[in-house]
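Architecture at a glance
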Amino acid sequence: MASITKNGWKRKGSYTGFLYILPWLVGFIVFQLYPFLYSFILSFTDAGLVGSYHWVGLKNYSQLFRDADFYKSFSVTFAYVFVAVPVKLIFALLVAMMLSAKIRFINFYRTVYYLPSILGGSVAVSVLWRVLFLRDGMINAFLGKLHLPPVDWLGSPDVALYTVSMLAVWQFGSSMVIFLAGIKQIPQDLYEAATVDGASKVRKFMMITIPMLTPLIFFNLVMQTVGAFQDFTGAFVITGGGPLKSTYLYALKLYEEAFRFYNIGYASALSWVLFVVLMILTALIFQSSRTWIHYEDGGDK
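Residues numbered from 1 in each chain as written. Predicted model: local features only at pLDDT ≥ 70, side-chain atom pairs only at ≥ 80, totals over all residues. Heavy atoms only, no water.

1. Concerning the packing of aromatic side chains
Under the defined criterion, the tally for this structure stands at 28 aromatic pairs. Considering the side-chain rings of W24 and F28, the 5.2 Å spacing of their centres and the 10° angle between planes classify their relative orientation as stacked. Of this pair, W24 and F28 both sit in helix 1 (residues 2-42), four residues apart, which is roughly one turn of that helix. Since its relative accessible area comes to 58%, W24 is described here as exposed. Owing to a relative accessible area of 29%, F28 belongs among the partly exposed residues under this scheme. Between the aromatic rings of F91 and F172, the centroid separation amounts to 4.9 Å while the plane-to-plane angle is 85°, which identifies the pairing as edge-to-face. Of this pair, F91 sits in helix 3 (residues 68-99) while F172 is found in the loop between helix 7 (160-170) and helix 8 (173-185), placing the two residues 81 residues apart along the sequence. The class of F91 is partly exposed, set by a relative accessible area of 37%. (Phe/Tyr/Trp six-rings, centres within 6.5 Å; stacked < 30°, edge-to-face > 60°. Helix = DSSP H or I, 4+ residues; strand = E, 2+ residues; numbered from the N terminus. Buried < 20%, exposed > 50% of the residue type's maximum accessible area, 1.4 Å probe, protein only.)

Here it is, written out as structure tokens:
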């Protein structure tokens, strides 16, 4: 009798747990899993924004390799990722090192430095970024005060992508917080031993801080790379993909095909190609991590 009652309570507990996760589960199926799978089906059709559609097989995928804008957007996006992600991670780590110091009002400073991550992806901040970097904007006005020539931040194909990338770098707060948490977990005994051995601050940073943070560097690298490949707002609002498509990111290409030209089937194919590319890049990062990730217990991945 006792075992029956016990089993009944276990079943009741499992049902209760299921009820707790049911809202999330429904939301995941309706708003993520179903659109994810449905877009795969649409990628084999000539679907538009409205109306009926027909099965076209691999036509959308074969069209990709004849689309010059597809190659252009991919090359621009790779350049954007290779500029924005490393600079963001380096900047986040350096700021985290500064904010790990024990000084007055340190919590206030941490909050201030985190704010860009909350605001940076918004349309309003992208508009502000555009105003700041106009030919007669505040940045060039400041350069003029220093008797430096103005820079065509948004009108030059050689500079515009870096201008958009700086907006992504400015949103370093989430990586900074992760690095900051990792820095606080590094045993102080290591630094004390290095001090006794006469190691400089730079050597401590390179030989202790960096190796101990490699798991977090790996995590931030994967997350920021995936996010950067999907960045859209900055390029769309600041430059619209110009000049001469020098900031024509892949997400902007996908958006135009879906909501400007109403080629939903083709846009779905674009999204699945991006998914495959991200899977391959993530796998490569995971594979390379075996050679450079260090864990506190002395083991490697």
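That was the structure; now back to the text.
2. Some thoughts on the pattern of salt bridges
Within this structure, the stated rule accounts for four salt bridges. Among the ionic pairs, E256 bridges to R260, the shortest N-O distance being 3.5 Å. Residue classification places E256 among the buried positions, given a relative accessible area of 13%. Salt bridges sharing partners connect three or more residues here, namely D67, K253 and E257. (Salt bridge = Lys/Arg side-chain N within 4 Å of Asp/Glu carboxyl O.)

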